[in-house]
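Each chain, written out:
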Amino acid sequence: MILILRLKTLVSAVALISLSFSGVFAQQILTLQDCIQIGLANNITVKKVSNDFMIAQANEKQSKMEYLPRVSAYSNYNISHGLTNDPTSFDPVTATTRSSTPSVAMDLNIFNGMRTRNAVRRNSLIKQAAEYNLAQSKDDIELAITASYLLVISDKENIKVANDRLELLSNQLERAERRVEAGVANMEQVFNLRSQIANEQLNKVNLENRYKSDRLSLLQTLLLDPAMDYQIKDPSILSQNIDAEIPKYQELKEEVLQYSPGLKSASLGMETSKMDLALVKADRLPNLGMRAAYGSTFSSNNQESYFDQLNVNEQKFVGFALNIPIFDRNRVKNNIHVSNINIANSELDYQQVRIDLMNNLQQAYLDLVAAHSTYQAARENLTALEQSFNFAESRYNSGNTDFYSYLESLNNKNRAEIELINSRYSFLFRKRILEIYRGV
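**Topic: the nonpolar core**
Counting 52 residues, the largest nonpolar core has Tyr149, Leu218 and Leu434 as the members making the most contacts within it. At the level of elements, helix H2 (32–42), helix H3 (44–65), helix H4 (115–181), helix H5 (187–221), strand S8 (230–232), helix H6 (249–259), helix H9 (331–397) and helix H10 (403–438) are the ones that each hand at least two residues to this core. Residues in contact with Leu218, not counting those within four places in the same chain, are Cys35, Ile145, Ser148, Tyr149, Val152 and Ile232. Core analysis: the next-biggest nonpolar cluster, separate from the first, contains 14 residues, Leu166, Leu168, Phe403 and Leu410 among them.

Here you go:
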């Protein structure tokens, strides 16, 4: 009885361990949206750009705090031996003197040539540009992940075509072997089919290796462990109607120019450089500041208590300071000259970003139109070759055509299937490029 109980306990423990490991190594299905979310969460570039945005937020907040006065407290405790001036009576004394002069001071900037206001506006522009840079970085990562993802799906489809081709040839081989056994055919067809099947097995292995390589590249882009069991699910975009009308280029252009985060960031770069010029010009203007302070003094030479002395010896101070720049060795003039050059460079940067964006858009639109035409032609080509193959297969099965004519018809049909698959994914990817450009 005890032995039976121990066996039951052991079996339960093994079952529990098996369930635990099955949970750890369970297959995880990855959709396109899953890959994009994981990629955005793990990508180091996106994290760094996100950190830049948070830094810009902190700098903007700090520049707004510069409107407030600066308040500081000060206190000391001094011990002097021998001859010294008493800090309360200012009389010379020869003794051990303990003294303290606590104080509180406030400094307020009244006018600094609008430097604080312009600094706030500048940092606000930098924050907005950092936000657009983050959006642009996410778009770039999504585009890269989508391309890698669709490549894996295309590989899977090509492997499926290879499997269908192998199954068809294997069925033909079985039929040819039966015909040889029945004495109505020779071994030439059998040898030819075996040779072709071996060649197709090699082709399938190459396709599977390409799939593994592209799958590894996708998982590395997502910073996932390739050793884990991930299943790449066909994306929902496969159900999209490829025959739908392609939008007009001018409509796409207007949407892209309105959305583009990179273009908006470059535009804010021009505004930021103008604010830099305003900050430099502020150095030509006078600065007016105010300082208010409250303090007191304590001395051990006085018989009154510490707090009584602070009440008696309290000091209040309010002062204004005006600083008027007269000659700064041409520093401000030179800085203004450099700032104007920076403005010109920022305008050139904006023009370059816009040119690159339009060039990329034009190329992407042309690629989309070409991919759409290629897909339509590939579909019509496959329809024609399927009819031709069905006819050739019928004639081959009835013995009215030779093996090589049958095989050529099969090869043409399979090439057309692969061309259709590749053209379909090419169109979907280029369509997605334009959607990302539009912010869809």
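From this point, things continue past the structure.
**Here we look at the sheet that holds strand S9 (residues 287–295)**
Reading across from one edge, S2-S7-S9-S11 is the order of the four strands in this open sheet, with antiparallel pairing throughout. Here the strands that pair on one side only, and so sit at the sheet edges, are strand S2 (70–74) and strand S11 (315–323). Across the sheet, the axes of successive neighbouring strands diverge by a mean angle of 15°, strand direction being ignored. Sheet topology note: the strand S7 (residues 103–111)/S9 ladder contains eight bridges and is antiparallel.

**Remarks on the packing of H4 against H5**
One way to put it is that H4 packs onto H5 with a least axis distance of 9 Å and a crossing angle of 165°. Considered as vectors, H4 and H5 are oriented roughly antiparallel to each other. The crossing of H4 and H5 is left-handed. When grouped by side-chain class, the residues that make up the contact of H4 with H5 number 18 nonpolar, 11 polar and 11 charged.

**Some words on the sheet that holds strand S3 (residues 78–80)**
Pairing within the open sheet is antiparallel, and its three strands lie in the order S3-S6-S10. Each edge of the open sheet is held by one strand with a lone partner, namely S3 and strand S10 (298–299).

**Details of the pattern of salt bridges**
Applying the stated rule across the entire model yields 15 salt bridges. In this structure, Lys64 and Glu60 form a salt bridge, with 4.0 Å as the shortest nitrogen-oxygen distance. Pair noted here: Lys64 and Glu60 are both in helix H3, with a separation of four residues, about one helical turn. Taking the relative accessible area as the measure of exposure, Lys64 reaches 45% and is therefore partly exposed.

Calculation rules
- Residues numbered from 1 in each chain as written.
- Predicted model: local features only at pLDDT ≥ 70, side-chain atom pairs only at ≥ 80, totals over all residues.
- Heavy atoms only, no water.
- Core = buried A, V, L, I, M, F, W, Y, C linked by side-chain atoms within 4.5 Å.
- Buried < 20%, exposed > 50% of the residue type's maximum accessible area, 1.4 Å probe, protein only.
- Helix = DSSP H or I, 4+ residues; strand = E, 2+ residues; numbered from the N terminus.
- Contact = heavy atoms within 4.5 Å.
- Pairing = 2+ DSSP bridges.
- Axes fitted to C-alpha atoms, helices over the stretch in contact; angles between N-to-C directions.
- Parallel < 35°, antiparallel > 145°, perpendicular 65-115°, else oblique.
- Left-handed = near helix turned anticlockwise from the far one by under 90°.
- Nonpolar A, V, L, I, M, F, W, Y, C, P; charged D, E, K, R; others polar.
- Salt bridge = Lys/Arg side-chain N within 4 Å of Asp/Glu carboxyl O.

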